[in-house]
Amino acid sequence: MAILMTEGLTKNFGGLRAVDSLTLGIEEGKLTSVIGPNGAGKTTLFNLITGMIRPDAGRALFHGEDITHLPIHQIVRRGISRSFQILNLFNELTLFENVWLGVQAQQGHGRELLSPADALGSVEAETHRIIKEFGLAGKEEVPVKLLSYGDRRILEITISLTAKPSLLLLDEPTSGLVSEDRKRISEFLKKLSTRLTLLVVEHAMDVVLSISDHIVVMHQGRLLAQGTSEEIRANPRVQEAYLGGQYRLA
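Source: prediction; values computed, not measured.

(A) Main features of helix α1 (residues 42-49). For α1, the buried fraction is high: seven of the eight residues fall into the buried class. Of the positions making up α1, those classed as buried are K42, T44, L45, F46, N47, L48 and I49. Just downstream of α1 lies G51, where phi reads positive at about 80 degrees.

(B) Expanded view of the sheet that holds strand β5 (residues 65-66). In space, the four strands of this open sheet follow the order β2-β1-β4-β5, with antiparallel pairing throughout. Lying at the two open borders of the sheet, with one neighbouring strand each, are β2 (16-27) and β5. With eight bridges connecting them, strand β1 (residues 2-13) and β2 associate as antiparallel partners. Looking at the pairing, K11 lines up with V19 of β2. Relative to the sheet, α1 contacts β1 and β2, its axis offset from that of β1 by approximately 115 degrees.

(C) Highlighting the pattern of salt bridges. Evaluated as defined, the whole model comprises 14 salt bridges. One salt bridge connects R78 with E65, and the closest N-O pair in it is separated by 2.9 Å. Here R78 is found in the loop between α2 (72-77) and β6 (80-83), whereas its partner E65 is found in strand β5, with 13 residues between them in sequence. Residue R78 is classed as partly exposed on the basis of its relative accessible area of 33%. The partner of K190 in a salt bridge is D213, with the nearest N and O atoms 3.5 Å apart. Here the residue K190 occupies a position in helix α6 (residues 179-192), and D213 occupies one in the loop between α7 (205-211) and β9 (214-219), the gap between them amounting to 23 residues.

(D) Quick look at the packing of aromatic side chains. This model, assessed by the stated rule, comprises two aromatic pairs. Both rings, one in F134 and one in F188, keep their centres 5.9 Å apart while their planes meet at 70 degrees; by these two values the pair is edge-to-face. Of this pair, F134 sits in the loop between α4 (117-133) and α5 (149-161) while F188 sits in helix α6, placing them 54 residues apart in sequence. Considered together, F134 and F188 belong to a single accessibility category, that of buried residues.

(E) Spatial organisation of the packing of α5 against α6. In contact at an axis separation of 10 Å, α5 and α6 are set at 20 degrees when each is read in the N-to-C sense. Here α5 lies roughly parallel to α6, going by the angle between them. Read as a crossing pair, α5 and α6 show a hand that is right-handed. Along the contact surface, α5 presents G150, D151, R153, I154, I157, T158 and L161, while α6 presents D181, R184, I185, F188, L189 and L192. Along the lines of polarity and charge, the residues of the contact of α5 with α6 split into seven nonpolar, two polar and four charged.

Cut-offs and rules
Residues numbered from 1 in each chain as written. Predicted model: local features only at pLDDT ≥ 70, side-chain atom pairs only at ≥ 80, totals over all residues. Heavy atoms only, no water. Buried < 20%, exposed > 50% of the residue type's maximum accessible area, 1.4 Å probe, protein only. Helix = DSSP H or I, 4+ residues; strand = E, 2+ residues; numbered from the N terminus. Pairing = 2+ DSSP bridges. Contact = heavy atoms within 4.5 Å. Axes fitted to C-alpha atoms, helices over the stretch in contact; angles between N-to-C directions. Salt bridge = Lys/Arg side-chain N within 4 Å of Asp/Glu carboxyl O. Phe/Tyr/Trp six-rings, centres within 6.5 Å; stacked < 30°, edge-to-face > 60°. Parallel < 35°, antiparallel > 145°, perpendicular 65-115°, else oblique. Left-handed = near helix turned anticlockwise from the far one by under 90°. Nonpolar A, V, L, I, M, F, W, Y, C, P; charged D, E, K, R; others polar.

Read these as layout, nothing more, since geometry by itself doesn't imply function.
In structure tokens form, the structure reads like this:
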């Protein structure tokens with residue numbers, strides 16, 4: 001069953017058609033990766049789904065509801081959250097304070113420093129729970145700027161989860177990571193996919209092929225192919241457009 005559908009989604013930037021009549025279904029409870037060459041329209045697709053930009057044509061449906069023209073905060077409230085390719089953290093604050101702010105916003109307290117004691121207690125308890133659940137316990141008081149890049153990437157994803165989404169969009173979660181951290185993030189995402197639907201843009205093909213339940217290939221703003229890892233590796237059109245033969249099946 002599709003949790004997210006796009007129907008004829010189209011976006012132009014001047015004379016460039018970044019997304020071209022894209023019709024796509026994202027299955028609930030699966031980890032779907034979106035791949036394609038630079039300029040294929042992957043990030044533009046994410047921006048359209050999350051309300052950061054508006055399409056010129058077509059629509060996006062979430063749980064059957066048209067969300068195409070909703071403001072970003074209403075899309076988040078309906079259960080869609082996102083992390084970005086470039087880390088979006090408060091580097092001078094501690095790990096705990098970064099998660100605290102996300103939990104505080106989710107519980108409706110905004111960033112108020114003065115709140116009822118019971119509200120603050122609820123935020124603190126939830127912050128500790130989330131940090132422990134996602135393997136960051138023991139680093140609560142470390143300033144974000146002193147964390148490893150892998151820890152910062154997990155922290156950003158963790159903060160995205162404070163909104164309690166049913167669909168999480170991740171834009172190049174392993175970008176800039178060394179091989180050890182890439183493996184760690186891959187395992188983290190695979191575990192995360194057992195509890196919610198993930199839609200991931202990723203360039204590292206070893207990561208894509210190891211974590212994905214389903215792969216969508218975009219090329220020049222259009223849907224080129226989709227299928228399992230084995231089907232994508234064996235697809236000659238994908239080989240020609242993107243993979244360059246590196247992952248062809250024997």
